[in-house]
There are 2 protein chains.
Amino acid sequence: MKSPAPRKSRGPKTLKVDTTRLLDAAQRVFSENGMGGASIRAIAREAGCDPALIYYHFDSKEAMFLALLERKMPPLAVELELLSAPSNTEPTALRLWKISRIYWRHFGEDSGFRAVLRGQILGGTEGTKDAIARHIQRAAKCNWAIIDQGIERGDLRSDLHTRVTGFFLVRMFMEIFDLVPSFVERITQVPVGQAVAKAERAWFELFWRGVAAHPSKPLPADLFSVE
Amino acid sequence: MKSPAPRKSRGPKTLKVDTTRLLDAAQRVFSENGMGGASIRAIAREAGCDPALIYYHFDSKEAMFLALLERKMPPLAVELELLSAPSNTEPTALRLWKISRIYWRHFGEDSGFRAVLRGQILGGTEGTKDAIARHIQRAAKCNWAIIDQGIERGDLRSDLHTRVTGFFLVRMFMEIFDLVPSFVERITQVPVGQAVAKAERAWFELFWRGVAAHPSKPLPADLFSVE
DNA sequence: ACTCCATTTCAACGACTGTTGAATAATGCG
DNA sequence: CGCATTATTCAACAGTCGTTGAAATGGAGT
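Everything numeric here is computed off the predicted structure, so don't read it as measured data. (Residues numbered from 1 in each chain as written. Chains lettered and ligands numbered in written order. Predicted model: local features only at pLDDT ≥ 70, side-chain atom pairs only at ≥ 80, totals over all residues. Heavy atoms only, no water.)

A full pass over the atoms with the stated rule returns 34 salt bridges over all chains. Between Arg-118 of chain A and Glu-175 of chain B there is a salt bridge whose closest N-O contact spans 2.6 Å. With Arg-118 of chain A in helix 6 (residues 111–123) and Glu-175 of chain B in helix 8 (residues 162–188), this residue pair bridges two chains. Grouping residues by exposure puts Arg-118 of chain A and Glu-175 of chain B together as buried. Here Glu-200 of chain B makes a salt bridge to Arg-101 of chain B, at a shortest N to O gap of 2.5 Å. With Glu-200 of chain B in helix 9 (residues 195–211) and Arg-101 of chain B in helix 5 (residues 92–107), this residue pair connects regions lying 99 residues apart in the sequence. A relative accessible area of 6% places Glu-200 of chain B in the buried class. Accessibility expressed as a relative area gives 10% for Arg-101 of chain B, which makes it buried. (Salt bridge = Lys/Arg side-chain N within 4 Å of Asp/Glu carboxyl O. Helix = DSSP H or I, 4+ residues; strand = E, 2+ residues; numbered from the N terminus. Buried < 20%, exposed > 50% of the residue type's maximum accessible area, 1.4 Å probe, protein only.)

To continue, consider the relation of the copies chain A and chain B. Laying chain A over chain B is done by rotating through 180° and shifting 0.0 Å along the axis; what remains is an RMSD of 0.1 Å. As the rotation angle and translation indicate, the two copies are arranged about a two-fold axis. Distance from the rotation axis, computed per C-alpha, reaches its smallest value in chain A at Gly-210 of chain A: 2.2 Å. Both copies present the same face, since 100% of the interface residues in chain A are matched by interface residues at the equivalent positions in chain B. (Least-squares fit on C-alpha atoms with pLDDT ≥ 70 in both. Contact = heavy atoms within 4.5 Å.)

Geometrically, a pair of aromatic rings is defined through the distance of the ring centres and the angle of the planes. Considering all chains together, one arrives at 25 aromatic pairs over all chains under this definition. The interplanar angle of 80° and the centroid separation of 4.7 Å between the aromatic rings of Trp-97 of chain A and Phe-224 of chain A together place this pair among those described as edge-to-face. With Trp-97 of chain A in helix 5 (residues 92–107) and Phe-224 of chain A in the segment after helix 9 (195–211), this pair connects stretches of sequence that are 127 residues apart. We classify Trp-97 of chain A as buried; its relative accessible area is 2%. Owing to a relative accessible area of 17%, Phe-224 of chain A belongs among the buried residues under this scheme. Centroid distance Phe-167 of chain A to Phe-168 of chain A: 6.2 Å. Interplanar angle 65°. Geometry classified as edge-to-face. An aromatic cluster is present here, built from Phe-167, Phe-168, Phe-183, Trp-203 and Phe-207 of chain A together with Phe-167, Phe-168, Phe-183, Trp-203 and Phe-207 of chain B joined pairwise through their rings. Over the ring of Phe-113 of chain A we find Lys-72 of chain A, and its NZ or CZ is 5.3 Å from the ring centre. (Phe/Tyr/Trp six-rings, centres within 6.5 Å; stacked < 30°, edge-to-face > 60°. Lys NZ or Arg CZ within 6 Å of the ring centre and 35° of its normal.)

Looking now at the interface of chain A and chain B. Contacts between the two partners involve 38 residues from chain A, matched on the other side by 38 residues from chain B. Summing both partners gives a buried area of about 3,700 Å² for chain A against chain B, and 69% of it is carried by carbon and sulfur. At the junction of chain A and chain B, the tally comes to 10 salt bridges. Between Asp-178 of chain A and Arg-118 of chain B there is a salt bridge; the shortest N-O distance is 3.2 Å. Inspection of the chain A/chain B interface yields 14 residue pairs in polar contact (both at pLDDT 80 or more). (Buried area = accessible area lost by both parts, 1.4 Å probe. Polar contact = N/O pair within 3.5 Å; in protein donor to acceptor, adjacent residues only side chain to side chain.)

What follows is the structure in structure tokens.
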């Protein structure tokens with residue numbers, strides 16, 4: 001005997017499912033499942049509603065991704081813009097390290113979202129790629145400014161190519177977040193524990209020696225305790 | 001009036017479709033479309049046969065990917081093992097640079113395949129992840145050996161962490177191959193042209209300053225013309 | 001000539017995808 | 001109360017995917 005189809009009641013629920021709640025669900029699903037498993041149906045399940053409801057709030061899946069991007073990226077850029085203000089006279093090494101802390105706070109635990117972002121940069125629609133580029137450029141300009149100011153202040157080598165140097169700094173941090181967990185477990189057989197944190201510091205020290213005008217001068221003592 | 005279904009003849013064709021031919025097709029499709037677009041049907045189309053034939057030669061799509069991996073990785077490892085032999089007395093900087101040339105020869109133009117590999121490392125089945133880890137480890141050991149020998153010979157800083165340093169060197173080259181084309185076009189608005197080659201050299205110079213025991217000693221003059 | 005085997009195609013299965021149109025229920029307003 | 005609006009669900013469409021079982025074909029061996 002089949003039970004007579006326990007249909008959910010239609011019409012507005014007491015707990016309204018609005019745009020924000022859908023984006024929260026989308027973010028969780030993206031973060032955990034990455035692009036592959038992030039289907040409309042999975043997001044709807046996470047939000048506790050029907051897949052069709054998503055199309056009441058968004059024009060398409062792509063539009064939802066863009067809305068999520070619009071929600072996640074500007075706060076990152078705002079922090080970076082604050083850090084990169086020319087009036088900021090903190091040591092250049094500290095500012096560069098803070099760049100990575102900011103990226104960590106906004107993207108560190110979102111490995112799935114990073115994977116989606118990467119996938120869309122490489123193979124999204126033109127509209128999506130343009131939107132991503134605009135957001136990344138806004139953040140990247142801050143990194144470039146910090147590097148340029150570092151050169152002007154005599155802290156960084158004057159023969160650096162600003163843009164490619166910024167790319168190196170940030171991308172390697174992202175790679176560490178993404179891949180070190182897998183590599184540590186399966187390839188190096190080093191205890192997982194603090195592997196990511198150790199790799200971050202090793203990378204920053206290497207980077208600093210590579211870009212500093214006077215690499216033998218010691219880094220600020222409490223640099224790596226900055227949150 | 002529908003034409004009477006121009007069926008292909010069954011049975012062996014004059015041009016036999018064997019394992020090699022299927023792997024060739026798979027490699028082309030992986031390279032261009034990445035994992036997402038690399039369906040069994042697309043590979044079959046590329047090989048000029050029916051999708052079902054693939055299951056005559058391979059147990060599953062995963063098995064085909066593993067076979068492709070088995071065909072692509074060992075030649076890379078062999079080249080690296082030759083380069084990392086302790087009897088090799090070439091300058092350490094040259095050996096490190098040659099590492100990147102080897103990776104370039106084997107993976108440089110295979111952006112789709114790199115993407116697939118990355119995806120499988122992060123989200124493949126346990127069997128696939130193990131197989132990939134075995135291959136990567138074999139190659140990575142060579143890089144570690146070169147770095148260790150560089151330290152012993154006094155060319156590299158003695159406080160380097162071998163494994164993480166090797167990770168940095170290779171991963172950044174891969175990132176450059178993958179992302180610089182997109183970034184150059186959409187974010188930096190620098191002419192594309194030789195951007196990847198320039199980034200490669202900028203990265204190697206930064207890396208070398210970061211790891212060398214005496215970074216002020218000039219690099220071998222003709223380093224970057226090595227193929 | 002007949003049989004057997006290796007190779008190839010066909011047709012379908014079930015699952016999943018993004019998306020849409022219609023039906024339905026709760027709410028706010030006059 | 002009646003009505004329009006808003007929020008929600010249902011059922012389906014057309015497409016893709018990996019995979020499978022059965023049928024067909026050509027050639028080799030006897």
